[in-house]
Amino acid sequence: QERLRARAMECISYMGMAVGKEKFRPYAQRLMGIFGQMISRGMGDDDTTKQYMLQAWTRIASVMKQEFTPYLKHVVPEVLKVASKRVEF
């Protein structure tokens, strides 16, 4: 189920890129609301869904441009968590 959810995030963000901001706007708003709920419920650092969500945010931001700004308060802390993780080889 986790893998399916992750792939759905990937697909919908690519669809947004394909259709453009005007058509994607209502879906982007809903999708970001869903992402916010998922984050508030908590996600593990090794959660595949989280990685796909980060990538989807990048694509959604590239489509929505300035209209993505209100979502940054949710996105930036998650990006900083990932960026501050220690990578061990």
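Residues numbered from 1 in each chain as written. Predicted model: local features only at pLDDT ≥ 70, side-chain atom pairs only at ≥ 80, totals over all residues. Heavy atoms only, no water.

**Describing the packing of aromatic side chains**
Put simply, the rule is: Working definition: rings of Phe, Tyr and Trp (its six-membered ring) pair if their centres are within 6.5 Å, and the pair is stacked with planes under 30 degrees apart, edge-to-face with planes over 60 apart, and tilted otherwise. Going along the chain from the N terminus, every DSSP run of H or I of four or more residues is numbered as a helix, and every run of E of two or more is numbered as a strand. For each residue, the accessible area found with a 1.4 Å probe, counting protein chains only, is set against the maximum for its type, and the residue is called buried under 20%, exposed over 50%, and partly exposed in between. We call a charge positioned over a ring when the NZ of a Lys or the CZ of an Arg lies within 6 Å of the ring centre and within 35 degrees of the ring normal.
Scanning all chains against the criterion turns up 2 aromatic pairs. With a centroid separation of 6.3 Å and 70° between ring planes, the pair formed by Phe35 and Trp57 is classed as edge-to-face. Of the two residues, Phe35 sits in helix H2 (residues 21–41) while Trp57 sits in helix H3 (residues 48–64), which places them 22 residues apart along the sequence. Classification of Phe35 as buried rests on a relative accessible area of 1%. Look at Trp57 and you get buried, because its relative accessible area is 3%. Cation over ring: Arg59 sits above Tyr14, and NZ or CZ is 4.2 Å from the ring centre.

**A closer look at a nonpolar patch on the surface**
Spelled out, the test is: Only residues whose relative accessible area exceeds 30% and that take part in no salt bridge are eligible for patches, with like-charged residues grouped when within 9 Å of each other and nonpolar side chains (Val, Leu, Ile, Met, Phe, Trp, Tyr) grouped when within 5 Å. What sets the accessible areas is the Shrake-Rupley method with a 1.4 Å probe; for residues, cover comes only from the shown protein chains. One speaks of a salt bridge when a side-chain nitrogen belonging to Lys or Arg is within 4 Å of a carboxyl oxygen belonging to Asp or Glu.
Together, Leu72, Val76 and Leu80 give the surface a local cluster of nonpolar side chains, amounting to about 250 Å² of exposed area. Take Leu72: its relative accessible area is 37%, and that puts it in the partly exposed class.

**Comments concerning H2**
Going by this rule: Under the convention used throughout, the expected extent of a helix is 1.5 Å for every residue step, that is, one less than its residue count. What is called the bend at a residue is the angle between a pair of axes, fitted to the seven residues leading up to and ending at it and to the seven starting from it. Should any heavy atoms of two residues lie within 4.5 Å, those residues are counted as being in contact.
Between its terminal C-alpha atoms H2 stretches 28 Å, which fits the 30 Å expected from 21 residues at 1.5 Å a residue. Bending of H2 peaks at approximately 35° at the position of Tyr27. Buried within H2 we find Phe24, Ala28, Leu31, Met32, Phe35, Met38 and Ile39. Where H2 is buried, its residues meet helix H1 (2–19), H3 and helix H4 (72–83). Just past H2, the residue Gly42 takes up positive phi, approximately 100°.

**Side note on the confidence of the model for the chain**
For clarity, the cut-off: What pLDDT expresses is the predictor's confidence in each residue, scored from 0 to 100.
Predicted confidence across the chain gives a mean pLDDT of 89, with 96% of residues reaching 70 or more. The least confident element of the chain, judged by mean pLDDT, is H4 at 87; the most confident is H1 at 94.

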